[in-house]
Amino acid sequence: MRYIVRAIKYFFYFWILLALIIVAMIILRYVPSDPELIFRNGYDSYWQISLMFGVLAAFYPMFGYTTKEISAPGEASEHRDRILAYMQDRGYILESENGGDMTFRLRNVFGKIIRMYEDRITIRKVLAGYTVEGSRKEVIRIGYGLEARLQNN
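First, a word on scope: everything that follows refers to the structure included in this document. Being a predicted model, the structure only gives us computed values, none of them experimental. (Residues numbered from 1 in each chain as written. Predicted model: local features only at pLDDT ≥ 70, side-chain atom pairs only at ≥ 80, totals over all residues. Heavy atoms only, no water.)

1. Topic: the overall build of the chain
A tally of regular secondary structure across the chain gives six helices and five strands. Starting at the N terminus and walking to the C terminus, you meet the elements of the chain as α-α-α-β-α-β-β-α-β-β-α. Considering the chain as a whole, with its 153 residues, one finds that 33% of them fall into the buried category. In the chain, 54% of the contacts between residues at least 6 apart in sequence involve partners at least 24 apart. Of the roughly 9,900 Å² of accessible surface on the chain, 61% is carried by carbon and sulfur atoms. Considering the chain, the positive charge centre built from 20 side chains and the negative charge centre built from 16 side chains are found 3 Å apart. (Helix = DSSP H or I, 4+ residues; strand = E, 2+ residues; numbered from the N terminus. Buried < 20%, exposed > 50% of the residue type's maximum accessible area, 1.4 Å probe, protein only. Contact = heavy atoms within 4.5 Å. Areas by Shrake-Rupley, 256 points an atom, 1.4 Å probe, with all protein chains shown as cover. Lys, Arg positive; Asp, Glu negative; His and termini not counted. Charge placed at Lys NZ, Arg CZ, Asp CG, Glu CD.)

2. Re the sheet that holds strand S1 (residues 65-71)
The five strands are arranged S1-S5-S4-S3-S2 in an open sheet whose pairing can be described as antiparallel. The two strands at the open ends of the sheet, each matched to only one other strand, are S1 and strand S2 (92-98). Sheet twist, expressed as the mean angle between neighbouring strand axes with direction ignored, is 20 degrees. Across four bridges, the pairing between strand S3 (residues 101-106) and strand S4 (residues 121-126) is antiparallel. Bridging from a neighbouring strand, Met102 pairs with Ile123 of S4. Its contacts with the sheet place helix H3 (residues 44-64) against S1 and strand S5 (129-135), and it is angled at close to 5 degrees to S1. With respect to the sheet, helix H4 (residues 76-89) is in contact with S2, S3, S4 and S5, its orientation differing from that of S3 by roughly 5 degrees. (Pairing = 2+ DSSP bridges. Axes fitted to C-alpha atoms, helices over the stretch in contact; angles between N-to-C directions.)

3. Overview of helix H1 (residues 2-27)
Taking 1.5 Å of rise per residue, the 26 residues of H1 would be expected to cover 38 Å, and the 37 Å separating its terminal C-alpha atoms lies within 8% of that figure. Here H1 has its buried residues at Arg6, Ala7, Tyr10, Phe14, Leu18 and Ile22. Residues of H1 that are buried in the fold lie against helix H2 (35-38), H3 and S1. Arg29 occupies a position one or two residues after H1 and carries a positive phi of about 60 degrees. (Expected span 1.5 Å × (residues − 1).)

4. Brief notes about the packing of aromatic side chains
Going through the model one piece at a time under the given rule, you end up with 10 aromatic pairs. Here Tyr10 and Tyr13 contribute two aromatic rings whose centre-to-centre distance is 6.3 Å and whose plane-to-plane angle is 85 degrees, an arrangement assigned as edge-to-face. Here Tyr10 and its partner Tyr13 are both found in helix H1, three residues apart, which amounts to about one turn of the helix. Its relative accessible area of 28% is what places Tyr13 among the partly exposed residues. Both rings, one in Tyr43 and one in Tyr46, keep their centres 6.0 Å apart while their planes meet at 45 degrees; by these two values the pair is tilted. For Tyr43, a relative accessible area of 45% corresponds to the partly exposed category. By relative accessible area, which is 30% here, Tyr46 ends up partly exposed. Through pairs of rings, three or more aromatic residues link up here, namely Tyr10, Tyr13, Phe14, Trp15, Phe39, Tyr43, Tyr46, Phe53 and Tyr60. The ring of Tyr144 is capped by Lys68, whose NZ or CZ atom sits 4.2 Å from the centre of that ring. (Phe/Tyr/Trp six-rings, centres within 6.5 Å; stacked < 30°, edge-to-face > 60°. Lys NZ or Arg CZ within 6 Å of the ring centre and 35° of its normal.)

5. Focus on the side chain of Glu118
Examined against the element boundaries, Glu118 turns out to sit in the loop between helix H5 (109-114) and S4. With relative accessibility at 14%, the residue Glu118 sits in the buried group.

Function cannot be inferred from these measures alone, as they are strictly geometric.
Take a look at the structure:
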């Protein structure tokens, strides 16, 4: 279900981004304000662009979100404070904690809006360390940084 919601969000996100670009170009007088003159196929371009955005939005969540395993020697109780401090330094606050799972959200409202409120990072305790789950870009950044912090005694 989360995948479908993300795909729908991205579909509208792409349309909003296109609309902002077109409005900026109209205000700066780079293009005329008539949609028949902006696009080669006129009003038919809207369904063609919608189809393109639909395909892109359908596949983007598959590649935009991931899970990364990080190794962390030692006990989970030793790591909790380091994880909280690291995530706080990155601009995240603890949303919930359930056993070995910690869920973080961005503090910054602007960052949340830019990420369409898909800013949740989940850190789960596994046998060899932790898994970090969320947006691919953030998971890679947080994963490598957190692994270095946890392995550095």
